[in-house]
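# Secondary and tertiary structure notes
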Amino acid sequence: MARTRLIAALILTYVAFAMLLNSVGTVILQSIASFDVTKPQASTLEGFKDITIAVVSFATASYLPRFGLRNALLAALVLAILACLVMPLLGSFGAAQLHFAMVGAAFAVAKVVVYSLIGLVTADARQHASLTSLIEGMFMVGVLSSYWVFSAFIDPAGLRWLNAYWVLAGVCGLALLLLLTARVDEAPGADGDTAAAPDAAPFIAMLRLAALPLVLVFVFCAFVFVLIEQGIATWLPTFNNEVLHLPHQMSVQAASLFAASLAIGRFAAGAVMARFDWYPVLNICLAVLAALIVVVLPLAEGAGPGVIAGWADAPAAAFLFPLIGIALAPVYPTIISVMLSAMPRRNHPPLMGLVVVFSALGGTTGSVITGAIFANLDGRTAFTLMLVPTALLAGGLFLLRRRIAVAAVGAAA
């Protein structure tokens, strides 16, 4: 019962942060209309979120076990609630920048805690991979919900869309209450392994961990994946509006199809990874991803300006392009689960700290590069060029598999 309650608290926490973090694409679209900012200026919102995530995670990840994982997660949820209140109370682009900085700081703590606690409530690598995919799948449910919550409040003529943050504050509050009723056993396990840092200098321990070849390849894969995912997710509402010529409300709702595809892909990954080896599955996913980009994006070229009154008038690309989320979805939770299963539990918090840092940097890089290409060339070109990081990710997965095999042989010896 205690285990089930804790898992439920972790899932709802992840849903809450999913709604907050992935609202950035919607806020970019609305900021351009409501606050009269340019695309390059709007793209800085991703930086305020991700750079804060990187800095806070790098500075605090190894120290969280000493503070207490549950206590740290409670503090993160309180900060997230305060961030929600900033938006409707201040209502400016500066408030949006402050909001995403606060959310980024809170998520930097929450992600490290959530992934560290997964190791405390699972018994083996398969359970770990299954629960990881479930939590990441629910994360995408949160992303999907965020699009529809915001679309319900969008009014092109005003700032009514800011009222969506009252709803998000309520979701964070529910997660906080659920976590308060959960109990976490953070004591050492029977093997003496703990989630705590292995020595008196946890920050140095994180730096030493980052120097390992296996970890370097892993964080490279995480960086490139998030570059692809966030580059698409952040600019998809604007792509729908300016390239496919959907109205603002429909642009946000159509972007939710990408989140829905990611959710479906991650839920399916939980079952697939329990039966098949991860490496060939992820290579098939990347091949499908590249094929969809090549086949579907040319359909957007024929979309011309016109009156789109409903979904029946929307071009085919609005429905087909988001399906790449199904192919993209299994990659991130799988490589994280593979790495955590291959590392001692005491290294999980610093390892997740590195994941959060490089994921944040990847998200910012993807958003800024995509926004720059979008502004200087066009949206279709910006998304087509995602083939380049897709090829880099395939190479990274090859190196990751080799490094894990070498590490396993060394451990056996």
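Residues numbered from 1 in each chain as written. Predicted model: local features only at pLDDT ≥ 70, side-chain atom pairs only at ≥ 80, totals over all residues. Heavy atoms only, no water.

## Observations concerning a nonpolar patch on the surface
The grouping of Trp148, Leu257, Ile264, Leu299, Trp311, Phe319, Leu320, Leu323 and Ile326 at the surface amounts to a nonpolar patch, some 760 Å² of accessible area in total. Listed by contribution, the elements that provide at least two residues to the nonpolar patch are helix H11 (248-272) and helix H13 (317-320). Structurally, Leu257 can be placed in helix H11. Overall, Leu257 belongs to the partly exposed group, its relative accessible area being 31%. (Patch = residues over 30% accessible without salt bridge, like charges linked within 9 Å, V, L, I, M, F, W, Y side chains within 5 Å. Areas by Shrake-Rupley, 256 points an atom, 1.4 Å probe, with all protein chains shown as cover. Salt bridge = Lys/Arg side-chain N within 4 Å of Asp/Glu carboxyl O. Helix = DSSP H or I, 4+ residues; strand = E, 2+ residues; numbered from the N terminus. Buried < 20%, exposed > 50% of the residue type's maximum accessible area, 1.4 Å probe, protein only.)

## Things to note about the side chain of Ser146
With respect to the helices and strands, the residue Ser146 is situated in helix H7 (residues 125-153). Ser146 has contacts with Met19 and Ser23, leaving out every residue within four places of it along the chain. (Contact = heavy atoms within 4.5 Å.)

## Structural notes on the side chain of Thr238
Within the fold, Thr238 resides in helix H10 (residues 213-242). For Thr238, the contacting residues outside a window of four places in its chain are Ile28, Leu29, Lys39, Val243 and Phe374.

## What about the pattern of salt bridges?
Enumeration over the complete set of coordinates arrives at one salt bridge. The partner of Lys49 in a salt bridge is Asp50, and the shortest N-O contact between them spans 2.9 Å. Judged by its relative accessible area of 4%, Lys49 is buried.

## Things to note about the packing of helix H5 (residues 69-90) against helix H8 (residues 164-180)
Here H5 crosses H8 at 165 degrees, and the two axes come no closer than 9 Å. When the interaxial angle is binned, H5 and H8 end up roughly antiparallel. Handedness of the H5/H8 crossing: left-handed. Here Arg70, Leu73, Leu74, Leu77, Val78, Ala80, Ile81, Cys84, Leu85, Met87, Pro88 and Leu89 of H5 come into contact with H8, specifically with Tyr165, Trp166, Leu168, Ala169, Cys172, Gly173, Ala175, Leu176, Leu179 and Leu180. Of the residues belonging to the contact of H5 with H8, the class tally is 20 nonpolar, one polar and one charged. (Axes fitted to C-alpha atoms, helices over the stretch in contact; angles between N-to-C directions. Parallel < 35°, antiparallel > 145°, perpendicular 65-115°, else oblique. Left-handed = near helix turned anticlockwise from the far one by under 90°. Nonpolar A, V, L, I, M, F, W, Y, C, P; charged D, E, K, R; others polar.)

## A few points about the environment of Lys49
One can find Lys49 in helix H3 (residues 39-60). As a C-alpha pair, Lys49 and Asn376 span 327 residues in sequence and 24 Å in three-dimensional space. Excluding its chain neighbours within four sequence positions, the residues that come into contact with Lys49 are Leu21, Val24, Phe100, Gly104 and Gln230. A distance of 2.9 Å separates the side chain of Lys49 from the side chain of Asp50, its partner in a polar contact. (Polar contact = N/O pair within 3.5 Å; in protein donor to acceptor, adjacent residues only side chain to side chain.)

## Thoughts on the environment of Val143
You can see Val143 is positioned in helix H7. Classification of Val143 as buried rests on a relative accessible area of 3%. Residues within four places of Val143 in sequence aside, it is in contact with Ala18, Asn22 and Ala259.

## Concerning the state of the cysteines
As enumerated under the stated definition, the model contains zero disulfides in all. Free of any disulfide, Cys84 has its nearest cysteine sulfur in Cys172, 4.5 Å distant. Residue class for Cys84 comes out buried when judged on its relative accessible area of 1%. Free cysteine Cys285: the closest other cysteine sulfur is in Cys221, separated by 14 Å. Under the relative-accessibility criterion, Cys285 is labelled buried at 12%. (Disulfide = S-S within 2.5 Å.)

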